[in-house]
Amino acid sequence: MTFDLVGYTERVAPAIVLVVALYVVLRGEKALPLRIMAVVIGFLIIRDNLVSFGVWGYGLAHGWLPYVRFLHEPVLVAGFAVGSILTTVFLVLIEFDGRKLLVWGRFSWRSVVWGLGGGVVVAGALTVAYQFVPLAERGGSLPHDMLWPMVAVAIFGNLTEDILVRGYIQGYLSAALSPVKAAIGSGLFYAFCHLFLALEITTVFPQPGLHLGVPVLVFALFDGLVCAFVRMKVGLIPAAVSHGMGVLVLATGLI
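Please read these numbers as outputs of a predicted model, since none were measured by experiment. The numbers attached to residues start from 1 for each chain and follow its sequence in the written order. Given that the model is predicted, a residue must reach a pLDDT of at least 70 before its local features are reported, and side-chain atom pairs must reach 80 or more before they are shown or counted; all residues, however, enter totals for whole chains, interfaces and linings. Calculated side-chain values reflect all of the structure's heavy atoms, with hydrogen atoms and water omitted.

Think of a 1 Å grid over just the protein atoms. A cavity is a set of points where a 1.4 Å probe fits yet cannot get out, a pocket is an open set with protein on both sides within 12 Å along at least five of seven lines, and lining residues have an atom within 4 Å of a point. Grid points are joined across faces, edges and corners, and a volume is the space filled by probe spheres set on the points. When its volume is computed, the largest pocket comes out at roughly 1,100 Å³. In terms of lining residues, the largest pocket is bounded by 46 residues, among which Phe43, Ile46, Arg47, Ser84 and Thr160 are the most central.

The following block contains the structure:
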């Protein structure tokens, strides 16, 4: 299977043009929440249509254990990781009003411990669960030439999600709610952002008695809450480390 770049571009271009137009029109600090939501919607359109075009997707092993696999195209996958980090840097640079919401965190042993600890919690839960399912039944082994592209995806490809959800959204909630409530809201919003993928899963991987891809939503909520609390304690970068560690295990089957 190859990636239909022309077809994908034709699919997402109209929506992205509208999102960009909204972003340009909704200027000023008072319009910041609507502006960020427009960017979130644009991100979801770009990410979720990659599933529709077969670049990546979720599977369910034994009807309960989610895993992720990418198209065997190392250059393409690495290119998406690079494109994601460039887009994220560009957004942070042009979004002046939202900079105060981004709590990056300071480099310290405390932040390292929290970042790695959060990753161990997320990746560890997957690791334990994966011991009950043979590798062949949860996506199979990762081709050797896909390892470093997947590391790039884990480090850079998911940073956009972290900036949007645990950066802007959690930062905005923190100004109106207690830190704990803001973290919970961030985790719930992160799970909400996976609803379309869950709907797709019930179509592609139907499971009796499951609605909206329950296992994927449960894992997204768990991952979102862990990373949100890491962000609450030590900042955005350690939370991104936690997220990346979980993604690496979820998408490689190396454990």
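Here the narrative resumes.
Quick look at the pairing of strand 1 (residues 56–61) now. As a general feature of sheets, a regular strand has side chains that alternate between the two faces. Within strand 1, 6 of the 6 residues are buried, which leaves the element mostly enclosed by the surrounding structure. Of the two faces of strand 1, the one lined by Trp56, Tyr58 and Leu60 and the one lined by Gly57, Gly59 and Ala61 are each fully buried. We call two strands paired when DSSP finds no fewer than two bridges between them. Only DSSP runs of H or I with at least four residues qualify as helices, and only runs of E with at least two residues qualify as strands; both kinds are numbered from the N terminus onward. Pairing geometry for strand 1 and strand 2 (residues 65–70), over 6 bridges, is antiparallel. Following the sheet pairing, Gly59 is matched in strand 2 by Tyr67. The hairpin formed by strand 1 and strand 2 contains 3 residues between the paired strands, and His62 there has a positive phi angle of roughly 60°. Each residue gets one of three labels from its accessible area relative to the maximum for its type: buried under 20%, exposed over 50%, partly exposed in between, using a 1.4 Å probe on protein chains only.

This paragraph deals with the packing of aromatic side chains. Each aromatic ring pair is specified by the distance between its two centres and by the angle formed by the two planes. Two rings from Phe, Tyr or Trp (for Trp, the six-membered ring) form a pair when their centres sit within 6.5 Å of each other. Planes less than 30 degrees apart are called stacked, planes more than 60 degrees apart edge-to-face, and all others tilted. According to the stated counting rule, one finds 6 aromatic pairs in the structure shown. For the pair Phe3 and Phe80, a centre-to-centre distance of 5.8 Å together with 75° between the ring planes defines the contact as edge-to-face. Of the two residues, Phe3 sits in the segment before helix 1 (5–25) while Phe80 sits in helix 3 (residues 74–94), which places them 77 residues apart along the sequence. By relative accessible area, which is 15% here, Phe3 ends up buried. Note on Phe80: relative accessible area 30%, which makes it partly exposed.

Tracing the sequence through the fold places Asn158 in the loop between helix 5 (147–157) and helix 6 (159–176). The exposure class of Asn158 is buried, given its relative accessible area of 14%. A polar contact is formed between the side chain of Asn158 and the backbone oxygen of Val153, at a distance of 3.1 Å. Each polar contact in these results corresponds to two N or O atoms within 3.5 Å; when the atoms are within protein, one needs to be able to donate a hydrogen and the other to accept it, and residues that are neighboring in sequence are counted only if both atoms are side-chain atoms.

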